[in-house]
Amino acid sequence: MKQQSLADKVDILYDALEYSRLQPYKGNTVADAELLIKRKNHIKKHVEELSKATEYKDATDVLKELVNIVIACVGMANTYGWDFDSAFNRMYLHKMPSSEGSTKNNMYLNDLV
């Protein structure tokens, strides 16, 4: 049995929560704008919770907030139909010190959005 990717797992979670997916990024409708604001605020909320956790809570709470941020970010990518796993792999290879052919711009991600 093939192991599920992070994006696959978030897709299952978002299906269960009935969140929107495969929506236009920065579309022309009020609903599109509201969805983008909602996704951005969701990530911002978890970043703020991480900041608080690093100051006042134990390592378990910090790890929980880190995972929440990843889920929120992958969820935003899934919302817009972006291939998070492929983008992650490309960024990983780009950041590796021995990465051959890496570029210093985002051109290598353009086909994923």
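Sequence positions are assigned chain by chain, starting from 1 and proceeding in written order. Only residues with pLDDT of at least 70 get local features here, since the model is predicted, and only at 80 or more are side-chain atom pairs given and counted; chain-wide, interface and lining totals rely on the full set of residues. With hydrogens and water stripped out, all remaining heavy atoms of the structure feed into the side-chain values.

(A) Up close: the overall build of the protein chain. Numbering goes from the N terminus for both helices and strands, where a helix is a DSSP run of H or I of at least four residues and a strand is a run of E of at least two. Along the backbone of the protein chain there are four helices and zero strands. Listing the helices and strands of the protein chain from first to last along the sequence gives α-α-α-α. Each residue is placed in one exposure class: buried if its accessible area under a 1.4 Å probe, protein chains only, is under 20% of its type's maximum, exposed if it is over 50%, and partly exposed if it falls in between. Within the span of the protein chain, comprising 113 residues, buried residues form 24% of the whole. Looking at the protein chain alone, contacts between residues at least 24 apart form 58% of all its contacts between residues at least 6 apart. On the protein chain, roughly 8300 Å² of surface is accessible, and the fraction owed to carbon and sulfur atoms is 57%. We call two residues contacting when some pair of their heavy atoms lies within 4.5 Å. Residue-level accessible areas treat just the shown protein chains as cover; the underlying method is Shrake-Rupley with a 1.4 Å probe.

(B) Just the nonpolar core, in detail. With six residues, the main nonpolar core is built from L35, L36, I43, A72, M76 and Y80. Within the residue set of this core, elements represented by two or more residues are α2 (30-56) and α3 (59-79). Top contributing element to this core by residue count: α2, with three residues. Leaving out residues up to four positions away in the same chain, L36 has contacts with Y25, K26, M76 and Y80. Among buried residues, the Ala, Val, Leu, Ile, Met, Phe, Trp, Tyr and Cys ones that are joined through side-chain atoms within 4.5 Å form a nonpolar core.

(C) How the structure looks around α3. Working rule for helices: expected span equals 1.5 Å times residues minus one. Between the first and last C-alpha of α3 there are 30 Å, a value that for 21 residues agrees with the 30 Å anticipated at 1.5 Å per step. Every buried residue belonging to α3 is among V62, E65, I69, A72, V74, G75, M76, A77, N78 and T79, and all of these are buried. For the purposes of these results, a polar contact is taken to be a pair of N or O atoms within 3.5 Å, where, inside protein, one atom must be able to donate a hydrogen and its partner to accept one; residues adjacent in sequence count only when each atom of the pair is a side-chain atom. Sitting at the head of α3, D58 places a side-chain oxygen 3.1 Å from the backbone nitrogen of T60. Looking one or two residues beyond α3, the residue adopting positive phi is G81, at roughly 75°.

(D) Structural detail: a nonpolar patch on the surface. Judged by side-chain polarity, F88, Y92, L93 and M96 come together as a nonpolar surface patch covering roughly 420 Å² of accessible area. Tracing the backbone shows M96 in the segment after α4 (84-95). Here M96 falls in the partly exposed class, since its relative accessible area comes to 34%. For patches, a residue must show more than 30% relative accessible area and have no salt bridge; joins then use 9 Å for like charges and 5 Å for nonpolar side chains, namely Val, Leu, Ile, Met, Phe, Trp and Tyr. A side-chain nitrogen of Lys or Arg and a carboxyl oxygen of Asp or Glu constitute a salt bridge if their distance falls within 4 Å.

(E) Examining the packing of α2 against α3 more closely. Axis separation between α2 and α3 bottoms out at 8 Å; the angle between their running directions is 165°. Judged by the inter-axis angle, α2 sits roughly antiparallel to α3. Between α2 and α3 the crossing geometry is left-handed. Where α2 abuts α3, its residues L35, L36, R39, K40, H42, I43, H46, V47, E49, L50, A53 and T54 lie against D61, V62, E65, L66, N68, I69, A72, C73, G75, M76 and T79. Class assignment for the residues of the contact of α2 with α3 results in 12 nonpolar, six polar and five charged. In this analysis an axis means a line fitted to C-alpha atoms, helices contributing only their contacting stretch, and an angle means the value between N-to-C directions, from 0 to 180 degrees. In what follows, roughly perpendicular refers to angles from 65 to 115 degrees, roughly parallel to angles under 35, roughly antiparallel to angles over 145, and oblique to any angle outside these ranges. Whether a crossing is left-handed or right-handed is set by the direction in which the near helix is turned from the far one by less than a right angle, anticlockwise for left-handed and clockwise for right-handed. Under the scheme applied, nonpolar residues are Ala, Val, Leu, Ile, Met, Phe, Trp, Tyr, Cys and Pro; charged residues are Asp, Glu, Lys and Arg; polar residues are all the others, including Gly.

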